[in-house]
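Structural features, examined
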Amino acid sequence: MRHSLPLTPQFYVTAPQPCPYLPGRMERKLFTALQGEHAQKLNDTLSKQGFRRSQNVLYRPSCAECSACLSARIRVADFQPSRTQRRVLKRATALKRNATSPWATEDQFQLFRRYLDDRHADGGMADMDIFEFAAMIEETPIKSRVIEYTRPADEGERGRQLAAVCLTDVFDDGLSMVYSFYDPALTDMSLGTYVILDHVAIAREAGLPYVYLGYWVPGSRKMGYKSGFSALEIYKGGEWVAMGDAAAHVADLHPLSVDPIAEQVARISLPDTRL
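Residues numbered from 1 in each chain as written. Predicted model: local features only at pLDDT ≥ 70, side-chain atom pairs only at ≥ 80, totals over all residues. Heavy atoms only, no water.

Before going further, it helps to examine unusual backbone geometry. A negative phi angle is the norm for most residues apart from glycine, just as the trans form is the norm for most peptide bonds. Positive phi is not limited to glycine here, since Gln55 has a value of about 55°. Relative to the helices and strands, Gln55 resides in the loop between strand 6 (52–54) and strand 7 (57–61). By relative accessible area, Gln55 is classed as partly exposed at 25%. One non-glycine residue, Ser190, lies in positive phi territory at about 50°. Relative to the assigned elements, Ser190 resides in the loop between strand 12 (174–182) and helix 5 (191–206). The exposure class of Ser190 is partly exposed, given its relative accessible area of 28%. (Helix = DSSP H or I, 4+ residues; strand = E, 2+ residues; numbered from the N terminus. Buried < 20%, exposed > 50% of the residue type's maximum accessible area, 1.4 Å probe, protein only.)

Structure follows, in structure tokens:
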């Protein structure tokens, strides 16, 4: 007789380190390995509970005295672009999209370096070399794609030029934007916003209900742009809820507001698999 049993991954906690989003705070992550034949099912299930993927690891913030980081996603069916976002789409009509396998290229890395040097020179990725970049793109045990956006060549250039790139995971209920970067010289095109808008279009074409944006952090200027998208949901209190007024969400800093790790793990729902 065959039985249906839950996957039983092991969960671990990172050591505290300075928070990259809110100054003066420390971050800690709850994580598990993403591997084996059921990796896709595990990823799909935990992503619905606020987890994110980084290579072959799934993680979720589990800070000792802060619960500011909230996983965010767009409800595709209800999304309507704002007037500003419609202008972004209009300015980007010359861009062409190309979806490829998760394989790193020299052109992608050069664009990635220009983006980091201009936007995140003091960030945690600032020292990444081409081998680490390739690992970020290629080390994925699930269904992933690299979405490239190219622009027409300017005078003195040959062929279409790479303007933006997004590493995208494909879930059973949506698309997850793992990491995106773009040409910092094209500031007027608002490419970060455009890539999100185009992922909404891709999800709509594919009949997928959500686009996962990663974490939204109230009070963080780095993450503030996400609240500008309509039909946004956040994972809060163990469920997905409409964001509503972004200003109404504040970071909970009470030391008793975060449950012990053992209780957090006990509440995680795991997928079943046939043996």
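Glancing now at the nonpolar core. Across soluble globular proteins, nonpolar side chains show a tendency to be buried alongside one another. By size, the foremost hydrophobic cluster in this structure holds 61 residues, and its most contacted members are Ile74, Phe112, Phe133, Phe181 and Val211. Tallying contributions element by element places helix 5 first for this core, with eight residues. Dropping the residues within four chain positions of it, Ile74 is found in contact with Phe79, Ile196, Val200, Pro209, Tyr210, Val211, Leu213, Phe229, Ser230, Ala231 and Leu232. With 10 residues, the next largest nonpolar core counts Ala39, Leu46, Leu58 and Ile268 among its residues. (Core = buried A, V, L, I, M, F, W, Y, C linked by side-chain atoms within 4.5 Å. Contact = heavy atoms within 4.5 Å.)

Spatially, four strands are ordered 2-5-7-6 in an open sheet, and the strand pairing comes out antiparallel. At either end of the open sheet lies a strand with only one pairing partner, and these are strand 2 (11–13) and strand 6. Strand-to-strand twist across the sheet, computed as the mean angle between neighbouring axes with direction ignored, equals 35°. (Pairing = 2+ DSSP bridges. Axes fitted to C-alpha atoms, helices over the stretch in contact; angles between N-to-C directions.)

Below, the discussion takes up the confidence of the model for the chain. When pLDDT is averaged across the chain, the result is 90; 92% of the residues are at 70 or more. When pLDDT is averaged over each element of the chain, helix 5 comes out on top at 98 and strand 1 (residues 4–6) at the bottom at 50. (pLDDT = per-residue confidence, 0-100.)

Helix length check: helix 3 (residues 106–119) (14 residues) gives 20 Å between terminal C-alpha atoms against 20 Å at 1.5 Å per residue, within 8%. Gln108, Phe109, Leu111, Phe112, Arg113, Tyr115 and Leu116 are the residues of helix 3 that are buried. Looking at the buried side of helix 3, the elements it contacts are helix 4 (130–138), strand 10 (144–151), strand 11 (161–170) and strand 12. (Expected span 1.5 Å × (residues − 1).)

As a further point, take the sheet that holds strand 13 (residues 210–216). On the basis of which strands lie adjacent, the open sheet formed by eight strands has the order 9-10-11-12-13-8-14-15 and mixed pairing. Taken across any chain shown, the strands that pair with only one partner, and hence form the sheet edges, are strand 9 (96–100) and strand 15 (239–242). On average, each strand axis in the sheet is tilted by 30° relative to the strand beside it, whichever way the strands run.

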